[in-house]
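Structural overview for review
What follows is each chain in one-letter form.
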Amino acid sequence: MQRTYHTAPVLYLNTLEHNGKQFIRLWYKPDHRISKLLKDSDVARYSKTYKCFVAHKTPEAIELLHRRFQGWRWWIRAT
């Protein structure tokens, strides 16, 4: 008998420096729910250079990201 385990998606917040400015690189395993929430947010944008979503590294941006995902079963991990 095979068991199926469902785990909550994990969103990793990684520090990224670009042109002397600090950003947060948002990394996650492909998940259309996370992509949709990030596309609809005002805090993150997709970077063609890094091929991921990024946000400015500020306490306000982190708080907005946290609020955006509030109410969902997500794990947000800062690395």
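Preceding this paragraph is the structure being described.
Residues numbered from 1 in each chain as written. Predicted model: local features only at pLDDT ≥ 70, side-chain atom pairs only at ≥ 80, totals over all residues. Heavy atoms only, no water.

**A short note on the nonpolar core**
Grouped together as the largest cluster of nonpolar side chains are 15 residues, with contacts concentrated most on Leu11, Leu26 and Leu38. Those elements giving two or more residues to this core turn out to be strand E1 (10-18), strand E2 (21-27), helix H1 (32-39), strand E4 (52-56) and helix H2 (59-69). (Core = buried A, V, L, I, M, F, W, Y, C linked by side-chain atoms within 4.5 Å. Buried < 20%, exposed > 50% of the residue type's maximum accessible area, 1.4 Å probe, protein only. Helix = DSSP H or I, 4+ residues; strand = E, 2+ residues; numbered from the N terminus.)

**Side note on the packing of aromatic side chains**
Considering all chains together, one arrives at 2 aromatic pairs under this definition. On the basis of an interplanar angle of 50° and a centroid distance of 5.5 Å, the ring pair of Tyr12 and Trp27 is categorised as tilted. Note that Tyr12 is positioned in strand E1 and Trp27 in strand E2, a separation of 15 residues in sequence. Centre to centre, the rings of Tyr46 and Phe53 are 5.4 Å apart; their planes meet at 80°, and the pair counts as edge-to-face. A residue is classified by how much of its surface remains accessible, and Tyr46, at 44% relative accessible area, is partly exposed. (Phe/Tyr/Trp six-rings, centres within 6.5 Å; stacked < 30°, edge-to-face > 60°.)

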